[in-house]
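Next come the chains, spelled out residue by residue.
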Amino acid sequence: MSDIEARFAALEARIKGLEDQLDIYQLFATYGPSVDSRTGSVTASLWAKDGTYDFGGDPLVGAGNVGSLVDIEPHIHYVADGCAHVLSMPHIAVDGDRAVATGYSRVYLNQGDHWRVERASANRWELVRTPEGWRVQNRVNRLLDGQPEARDLLSSGVTQSS
Amino acid sequence: MSDIEARFAALEARIKGLEDQLDIYQLFATYGPSVDSRTGSVTASLWAKDGTYDFGGDPLVGAGNVGSLVDIEPHIHYVADGCAHVLSMPHIAVDGDRAVATGYSRVYLNQGDHWRVERASANRWELVRTPEGWRVQNRVNRLLDGQPEARDLLSSGVTQSS
Amino acid sequence: MSDIEARFAALEARIKGLEDQLDIYQLFATYGPSVDSRTGSVTASLWAKDGTYDFGGDPLVGAGNVGSLVDIEPHIHYVADGCAHVLSMPHIAVDGDRAVATGYSRVYLNQGDHWRVERASANRWELVRTPEGWRVQNRVNRLLDGQPEARDLLSSGVTQSS
């Protein structure tokens, strides 16, 4: 029986690895629809209670404050005009109960008969496994406007595990 | 042996869940290449026989009619100029033999030396498991131009299961 | 025991299929961050040693030469201005130790207060399984500017296996 135990354990470990990657994809696929519909409670639910979001100035601290982003003035106007916050399929490096996801975000903003790419950013998402699933412990977002910090986010994410 | 049966069944259920998510990703990844190459038979093959596509006016009914979209005038011109119909990685909620996928679509249209974002939409895809795999029972597409209906598509998709 | 052997083998085959798809997604998610941060060694590591990249003129041959793309003049300027090379979630057809992935690439280029879609292309990636994982044997990229070759890349990728 110990051989069978070992084989079950090996398959379970592989399945768990796949589930981690797909669960994090789902988290990413939830983000845009939540902010573009101003469903802040869903946005907040993606973050750990003490999670943070750093997009340049002082970081937002706490899931509730991150969710409140959908209620600030520029965001309200974006949504009223029509906008799409789209995340790319991220690179994911899982290390036990922690993970780092690296990828792009873009904001498309309606201009009447077309959409303008209002933002294109590099993102590093530090994730933590909780009893309720993967949550964002910290997201760092930097505009891809030539600043070295944006490039560093991208390279550090894919250099560690490739 | 019944313990072993139960363990096989548990792993099979988890694997099936992963396959569902990845099979639906594949369906999504087939859509754009089929319409941008005007391969309507492949577009049609993604829909259930009696599936529908609602993008504003009267919905298209039947897989064949959905596939025929690639032969209408504006689409022919888009493809002749050069276009890309790109879907985002969707949020997926599977419930037995039904699933709802929620995400974005964008149409990029060539303008000579650059591409213009001609459409950016919210999408709700209601899917059904068939003997041949997952198929689209109904797709609803609404431009993200500020209309509340687009936001409702996004919020309803991610509120139910997150 | 032979029944149990067969069941383990069946699950292992399904898990391997899922791992193939997700490993190729990871390869795709590594590409953009590597080129937009000019980390050519990571770009090169995605290609097979004798892999090629055909984007119109004479193809680049060899992983090292593909990685050197990040050091050519136009690319250096793109990165200095701020750019994002974003790949869509690809359609994947695995056949043993070979695979074909089909999808879109876009290059977003900073223009001060917005980003311009500088390139939108059809891509065919021929992949090979190596002891170190999936690698690119050949990538073909054609601008979606109305040229039939771009449409052929898209249709051939999704016609074979759907």
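Looking at an unreviewed UniProt entry, one finds chain A named Nuclear transport factor 2 family protein, with Aminobacter anthyllidis as its source organism.

> Before we move on, can you summarise the overall build of chain A with the specific residues and values?
Scanning chain A for helices and strands turns up 5 helices and 7 strands. Ordered by position in the sequence, the α and β elements of chain A form the string α-α-β-β-α-α-β-β-β-β-β-α. For chain A, the exposed surface amounts to about 6,300 Å²; the carbon and sulfur share of it is 50%. Measuring between centres, the 15 positive side-chain charges of chain A sit 2 Å from its 22 negative side-chain charges.

> Which residues make up helix 5 (residues 148-159) of chain A, and what values go with them?
Taking 1.5 Å per residue, 12 residues should reach 16 Å; helix 5 of chain A reaches 16 Å between its end C-alpha atoms and fits that length. Inspection of helix 5 of chain A places Ala 150, Leu 153, Leu 154, Ser 155, Gly 157 and Val 158 of chain A among the buried residues, and these make up the whole buried set. Buried residues belonging to helix 5 of chain A abut strand 4 (91-95), strand 5 (98-110), strand 6 (115-130) and strand 7 (133-143) of chain A together with helix 1 (2-36) and helix 2 (40-45) of chain C.

> Lay out the UniProt feature "domain: SnoaL-like" (unreviewed entry) in chain A in plain terms, naming residues and giving numbers.
Under the local residue numbering, the UniProt record ascribes the feature "domain: SnoaL-like" (unreviewed entry) to residues 18-139 of chain A. Spanning residues 18-139 of chain A, this segment combines 32% helix with 46% strand, and its end C-alpha atoms are found 23 Å apart.

> Go over the interface of chain B and chain A with me, naming the residues and quoting the values.
Contact with chain B, which involves 34 residues of that partner, is made by 40 residues of chain A. For the pair chain B and chain A, the two sides together bury roughly 3,200 Å², of which 66% comes from carbon and sulfur. Broken down residue by residue, the surface that chain B buries against chain A is led by Arg 7, Met 89 and Tyr 104 of chain B, which jointly contribute 20%. With its nearest N and O atoms 3.9 Å apart, the salt bridge here joins Arg 7 of chain B to Glu 12 of chain A. There are 13 residue pairs in polar contact (both at pLDDT 80 or more) connecting chain B and chain A. Taken together, the elements giving at least two residues each to the side of chain B that touches chain A come down to helix 1 (2-36), strand 4 (91-95), strand 5 (98-110), strand 6 (115-130) and helix 5 (148-159) of chain B. Per element, the largest residue contribution to the side of chain B that touches chain A is 10 residues, and it comes from helix 1 of chain B.

> Go over the interface of chain B and chain C with me, naming the residues and quoting the values.
Listed as interface residues are 40 residues of chain B and, on the opposing side, 33 residues of chain C. For the pairing of chain B and chain C, the buried interface totals around 3,200 Å² over both sides, and the portion due to carbon and sulfur atoms is 66%. Together, Phe 8, Leu 22 and Trp 115 of chain B form the three largest contributors to the area buried by chain B at its contact with chain C, with a combined 22%. Across the chain B-chain C interface, the total number found is 13 residue pairs in polar contact (both at pLDDT 80 or more). Of all the secondary structure elements, the ones that give two or more residues to the side of chain B that touches chain C are helix 1, helix 4 (73-81), strand 3 (83-87), strand 5 and strand 6 of chain B. When residues in the side of chain B that touches chain C are grouped by element, the largest group, 19 residues, is from helix 1 of chain B.

> Requested: an account of the relation of the copies chain B and chain A, with residues and values cited.
Under the fitted operation, chain B is carried onto chain A by 0.0 Å of movement along the axis and a turn of 120°, and the coordinates agree to an RMSD of 0.0 Å. Expressed as a symmetry operation, the mapping of one chain copy onto the other fits a three-fold axis.

> Quick rundown of the packing of helix 1 of chain B against helix 5 (residues 148-159) of chain C? Include the residues and the values.
The geometry of helix 1 of chain B relative to helix 5 of chain C is characterised by a closest axis approach of 8 Å and an angle of 135° between their N-to-C directions. Relative to helix 5 of chain C, helix 1 of chain B is oriented oblique. Handedness of the helix 1 of chain B/helix 5 of chain C crossing: left-handed. Across from Ala 29, Thr 30, Pro 33, Ser 34 and Asp 36 of chain B in helix 1 of chain B, the residues of helix 5 of chain C making contact are Arg 151, Leu 154 and Val 158 of chain C.

> Got a sec to walk through the packing of aromatic side chains? Specific residues and values, please.
Under the criterion given, the structure shown has 24 aromatic pairs over all chains. Summarising the aromatic geometry, the rings of Tyr 53 of chain B and Phe 55 of chain B are spaced 4.8 Å apart at their centres and angled 50° between planes, so their arrangement reads as tilted. Overall, the relative accessible area of 37% leaves Phe 55 of chain B in the partly exposed class. A ring pair is formed by Tyr 31 of chain C and Trp 125 of chain C, whose centres lie 5.8 Å apart and whose planes are at 80°; its orientation type is edge-to-face. Residue Tyr 31 of chain C is found in helix 1, and its partner Trp 125 of chain C is found in strand 6 (residues 115-130); the two are separated by 94 residues along the sequence. Classification of Trp 125 of chain C by relative accessible area gives buried; the value is 1%. Taken together, the ring pairs connect Phe 28, Tyr 31, Trp 47, Tyr 53, Phe 55 and Trp 125 of chain A into an aromatic cluster.

> Provide a residue-level description of unusual backbone geometry, including the pertinent values.
All names here are of chain B. The residue Arg 38 is not glycine, and still its phi comes out positive at about 55°. Relative to the helices and strands, Arg 38 is located in the loop between helix 1 and helix 2 (40-45). Arg 38 sits in the partly exposed class, given a relative accessible area of 33%.

> Kindly report on the side chain of Asp 36 of chain C, identifying the contributing residues and their values.
For Asp 36 of chain C, the location among the structural elements is in helix 1. The buried charged residue Asp 36 of chain C lacks any salt bridge, with Arg 151 of chain A as its nearest oppositely charged partner at 9.3 Å. A polar contact is formed between the side chain of Asp 36 of chain C and the backbone nitrogen of His 85 of chain C, at a distance of 2.6 Å. Not counting residues within four places of it along the chain, the set of residues in contact with Asp 36 of chain C comprises Tyr 104, Arg 151 and Leu 154 of chain A together with Val 79, Cys 83, Ala 84 and His 85 of chain C.

> Go over the pairing of strand 3 of chain B, please, and point to the residues and values.
Among the 5 residues in strand 3 of chain B, 5 count as buried, and that is most of the element. Alternating residues of strand 3 of chain B divide into Cys 83, His 85 and Leu 87 of chain B and Ala 84 and Val 86 of chain B, and every residue in both groups is buried.

> Lay out the pattern of salt bridges with the relevant residues and their values.
Under the criterion given, the structure shown has 33 salt bridges over all chains. For the salt bridge of Glu 126 of chain B with Arg 124 of chain B, the shortest nitrogen-to-oxygen distance reads 2.9 Å. The partly exposed category is assigned to Glu 126 of chain B, whose relative accessible area is 28%. Arg 124 of chain B sits in the buried class, given a relative accessible area of 14%. For Arg 38 of chain C, the salt bridge is made with Asp 71 of chain C, and the minimal N-O distance between the two is 2.8 Å. Taken together, the residues Arg 38 of chain C in the loop between helix 1 and helix 2 and Asp 71 of chain C in the loop between helix 3 (63-67) and helix 4 (73-81) connect sequence positions 33 residues apart. Overlapping salt bridges, with partners in common, bring together Glu 5 and Glu 12 of chain A together with Arg 7 of chain B in one network.

Rules used throughout
- Residues numbered from 1 in each chain as written.
- Chains lettered and ligands numbered in written order.
- Predicted model: local features only at pLDDT ≥ 70, side-chain atom pairs only at ≥ 80, totals over all residues.
- Heavy atoms only, no water.
- Helix = DSSP H or I, 4+ residues; strand = E, 2+ residues; numbered from the N terminus.
- Areas by Shrake-Rupley, 256 points an atom, 1.4 Å probe, with all protein chains shown as cover.
- Lys, Arg positive; Asp, Glu negative; His and termini not counted.
- Charge placed at Lys NZ, Arg CZ, Asp CG, Glu CD.
- Expected span 1.5 Å × (residues − 1).
- Buried < 20%, exposed > 50% of the residue type's maximum accessible area, 1.4 Å probe, protein only.
- Contact = heavy atoms within 4.5 Å.
- UniProt positions renumbered as here; feature names shortened; annotations may be inferred.
- Buried area = accessible area lost by both parts, 1.4 Å probe.
- Salt bridge = Lys/Arg side-chain N within 4 Å of Asp/Glu carboxyl O.
- Polar contact = N/O pair within 3.5 Å; in protein donor to acceptor, adjacent residues only side chain to side chain.
- Least-squares fit on C-alpha atoms with pLDDT ≥ 70 in both.
- Axes fitted to C-alpha atoms, helices over the stretch in contact; angles between N-to-C directions.
- Parallel < 35°, antiparallel > 145°, perpendicular 65-115°, else oblique.
- Left-handed = near helix turned anticlockwise from the far one by under 90°.
- Phe/Tyr/Trp six-rings, centres within 6.5 Å; stacked < 30°, edge-to-face > 60°.

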